[in-house]
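Chain residues, written in single-letter form:
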Amino acid sequence: MRLTAMLPEPLSVCYLVCTGTEANDLALRLARDHTGSREIIVVDHAYHGHSPSLVEISPYKCEGPGGEGLADHARKVGLPDSYRGPHRGADAGGLYAAEVKRAVEKTVTAGRRVGALMAESLIGCGGQVEPPDGYFVDAYAAVREAGGVCIADEVQVGFGRVGSHFWAFEPQGVVPDIVTLGKPIGNGHPLAAVVTTPEIAASFQTGMEYFNTFGGNPVSCAVGLAVLEVMEREQLQDHALEMGERLLEGLRELQSRHELVGDVRGRGLFIGVELVTDHETLAPAAAEAADIIEGLKDRGFLVSTDGPLHNVLKIKPPMVLQADDIDSLLTNLDEVLAEVG
Ligand SMILES: Cc1ncc(COP(=O)(O)O)c(C=O)c1O
């Protein structure tokens with residue numbers, strides 16, 4: 001199949017579904033059938049979907065307004081954020097992964113079997129955070145040693161957006177056991193997918209058929225193939241790399257002139273600009289961030305805020321944007337930063 005050929009071995013079994021939520025919900029079912037456990041480790045502030053099964057393990061929702069708290073079978077680990085989090089040095093990856101190891105140990109000590117780790121390869125709602133080097137290598141090892149499986153949620157970050165690679169887990173040096181795909185896979189059309197190993201897929205053969213009326217319908221498949229063809233023909237992954245470098249460079253230049261800009265981070269066209277009122281304390285500039293996105297909207301640029309403190313400008317533009325668009329965004333952001341700052 002065209003899609004599985006783009007993923008590393010042993011990720012070769014694909015289920016086509018309609019939304020990112022359906023993909024992650026199915027990933028949970030695969031993990032449960034394979035490990036015999038519902039226990040799940042998630043990252044603080046993560047969002048994985050809108051169904052009950054996912055809201056209750058998405059801290060972004062279940063611990064936010066109207067939420068009922070994390071499910072009993074879920075454990076949360078800290079955001080591996082080397083700008084604001086407790087670990088910021090060269091050893092940050094290992095130190096954050098040690099939290100995953102502790103969550104695994106607590107699960108075992110509680111007499112429960114380890115199920116899965118579900119994490120975005122680059123963290124979106126948590127504030128455009130790229131986990132430090134080695135984080136996933138160590139975290140995956142801890143989960144697998146205890147018999148668990150590793151699920152990479154690539155719903156936001158897959159499909160060439162990170163530029164250097166087609167999948168965002170690749171620069172992390174890991175191969176997940178289950179990968180979930182959504183959003184860009186259909187370029188606006190409701191299409192999503194789960195890709196896993198033959199071994200995990202075999203565990204899912206319980207006798208209960210997986211039935212999904214619209215999953216994998218011919219129109220959606222044609223859309224998915226067209227997206228892949230256009231991406232290849234127009235070399236959109238390379239384009240994301242080139243445009244992302246231009247944007248990051250421009251944002252770093254703005255950082256050198258605007259006190260409000262604390263951190264500029266990202267990969268390809270998945271970028272975060274964290275705003276602070278104090279570079280020592282990192283006091284979040286949430287009100288200023290809100291004013292900036294309003295100012296940009298008035299000028300025709302749609303940017304949102306994200307992160308636990310609502311102070312990260314989330315820049316995730318359409319992959320077809322051109323150098324002119326970037327230069328125009330930078331000019332306008334420069335002016336809005338000057339007004340708000
Ligand atoms: C990381 C991530 N996973 C899953 C989902 C759920 O996808 P959908 O809205 O297509 O159900 C989203 C949606 O925003 C997401 O950002």
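The rules behind these values
Residue positions are given per chain, counting from 1 as you read along its sequence in written order. Owing to the predicted nature of the model, reporting of local features is limited to residues with pLDDT of at least 70; listing and counting of side-chain atom pairs is limited to 80 or more, with chain, interface and lining totals taken over all residues. Hydrogens and water are ignored here; the side-chain numbers use all heavy atoms of the structure. Numbering of helices and strands runs from the N terminus, with a helix taken as a DSSP run of H or I at least four residues long and a strand as a DSSP run of E at least two residues long. C-alpha atoms define the radius of gyration, and 2.2 Å times the number of residues to the power 0.38 defines the globule rule. Under the scheme applied here, a residue whose accessible area is under 20% of the maximum for its type counts as buried, over 50% as exposed, and between as partly exposed, the area being computed with a 1.4 Å probe on protein chains only. We call two residues contacting when some pair of their heavy atoms lies within 4.5 Å. Only the protein chains shown count as cover for residues, and all accessible areas are computed by the Shrake-Rupley method using a 1.4 Å probe. Asp and Glu are treated as the negative residues and Lys and Arg as the positive ones, with His and the ends of the chain left uncounted. For the purpose of locating charges, the reference atoms are NZ of Lys, CZ of Arg, CG of Asp and CD of Glu. Helix axes are fitted only over the stretch in contact, all axes being lines through C-alpha atoms; the angle between N-to-C directions runs from 0 to 180 degrees. Here is the rule for angles: anything less than 35 degrees is roughly parallel, anything more than 145 is roughly antiparallel, 65 through 115 is roughly perpendicular, and the remaining ranges are oblique. Left-handed describes a crossing whose near helix is turned anticlockwise from the far helix by less than a right angle; the clockwise case is right-handed. Charged means Asp, Glu, Lys or Arg here, nonpolar means Ala, Val, Leu, Ile, Met, Phe, Trp, Tyr, Cys or Pro, and polar covers whatever is left, Gly included. Note on pairing: two strands pair once DSSP finds at least 2 bridges between them. Throughout, near means a residue has at least one heavy atom within 4 Å of the molecule or strand.

Colleague: Whenever I open this one, the overall build of the protein confuses me. Can you help?
Modeller: A count of helices and strands for the protein gives 10 helices and 11 strands. A compact globule built from 341 residues would reach a C-alpha radius of gyration of about 20 Å, and the protein, at 20 Å, matches this within 12%. By principal-axis analysis of the C-alpha atoms, the protein measures approximately 60 × 45 × 35 Å. Evaluated residue by residue, the protein yields a buried proportion of 51% over its 341 residues. Relative to all contacts within the protein whose residues are 6 or more apart in sequence, the contacts with residues 24 or more apart total 71%. If you sum the accessible surface of the protein, you get close to 14,800 Å²; carbon and sulfur atoms cover 51% of it. For the protein, the centre of its 27 positive side-chain charges and the centre of its 49 negative side-chain charges are spaced 5 Å apart.

Colleague: Is there a simple way to think about the packing of helix 8 (residues 236–257) against helix 10 (residues 323–340) in this case?
Modeller: Two packed helices can be described by the angle between their axes and the distance between those axes. Relative to each other, helix 8 and helix 10 sit at 15 degrees, their axes nearing to 10 Å. Between helix 8 and helix 10, the interaxial angle falls into the category roughly parallel. Crossing geometry of helix 8 relative to helix 10 is assigned as right-handed. Within the contact between the two elements, helix 8 uses M243, R246, L247, G250, L251, L254 and R257 and helix 10 uses A323, I326, D327, L329, L330, L333, D334 and L337. Among the residues forming the contact of helix 8 with helix 10, the class breakdown is 10 nonpolar, 1 polar and 4 charged.

Colleague: What exactly am I supposed to notice about the pairing of strand 11 (residues 312–315) here?
Modeller: Walk down a regular strand and you will see the side chains alternate between the two sheet faces. Here strand 11 shows no split at all, with V312 and K314 on one side and L313 and I315 on the other all buried. Of the strand pairs in this sheet, strand 9 (residues 270–275) and strand 11 are connected by 4 bridges, and their pairing is antiparallel. Following the sheet pairing, G272 is matched in strand 11 by K314. Direction of pairing for strand 10 (residues 304–306) relative to strand 11: antiparallel, over a ladder of 3 bridges. By the bridge assignment, T305 is partnered in strand 11 with L313.

Colleague: Honestly, the packing of helix 9 (residues 286–298) against helix 10 in this entry has me stumped. Any pointers?
Modeller: Contact pair helix 9 / helix 10: the axes reach a minimum separation of 9 Å and the direction vectors enclose 135 degrees. In terms of their interaxial angle, helix 9 and helix 10 are classed as oblique. When you trace helix 9 past helix 10, the crossing you get is right-handed. Residues E288, D291, I292, G295 and L296 of helix 9 touch helix 10, and the partners they reach there are L329, N332, L333, V336, L337 and V340. Classifying every residue of the contact of helix 9 with helix 10 by side-chain character gives 7 nonpolar, 2 polar and 2 charged.

Colleague: I'm lost on the environment of H34 in this one. Help?
Modeller: Assignment of secondary structure puts H34 in helix 1 (residues 20–35). Counting along the chain gives 28 residues from H34 to C62, while the straight-line C-alpha distance between them is 26 Å. Beyond its immediate sequence surroundings of up to four residues, H34 is in contact with V149, E199, I200 and S203.

Colleague: I would appreciate a short explanation of the site of the ligand in the present structure.
Modeller: Taken together, 13 residues form the shell around the ligand, and within it G20, T21, D153, Q156 and K183 come nearest. Across the complex, the protein chains shield 84% of the 390 Å² of accessible surface that the ligand would expose by itself. The leading source of residues in the shell around the ligand is helix 1, at 3 residues. A per-class count over the shell around the ligand returns 2 nonpolar, 8 polar and 3 charged.

Colleague: Sorry, what's going on with the environment of G147 here?
Modeller: For G147, the location among the structural elements is in the loop between helix 5 (135–145) and strand 5 (149–153). Note on G147: relative accessible area 44%, which makes it partly exposed. Sequence separation between G147 and R102 is 45 residues; the distance between their C-alpha atoms is 15 Å. With sequence-adjacent residues up to four places away left out, G147 is seen in contact with T35 and V114.

Fair warning: the whole summary comes from geometry, so function is off the table for now.
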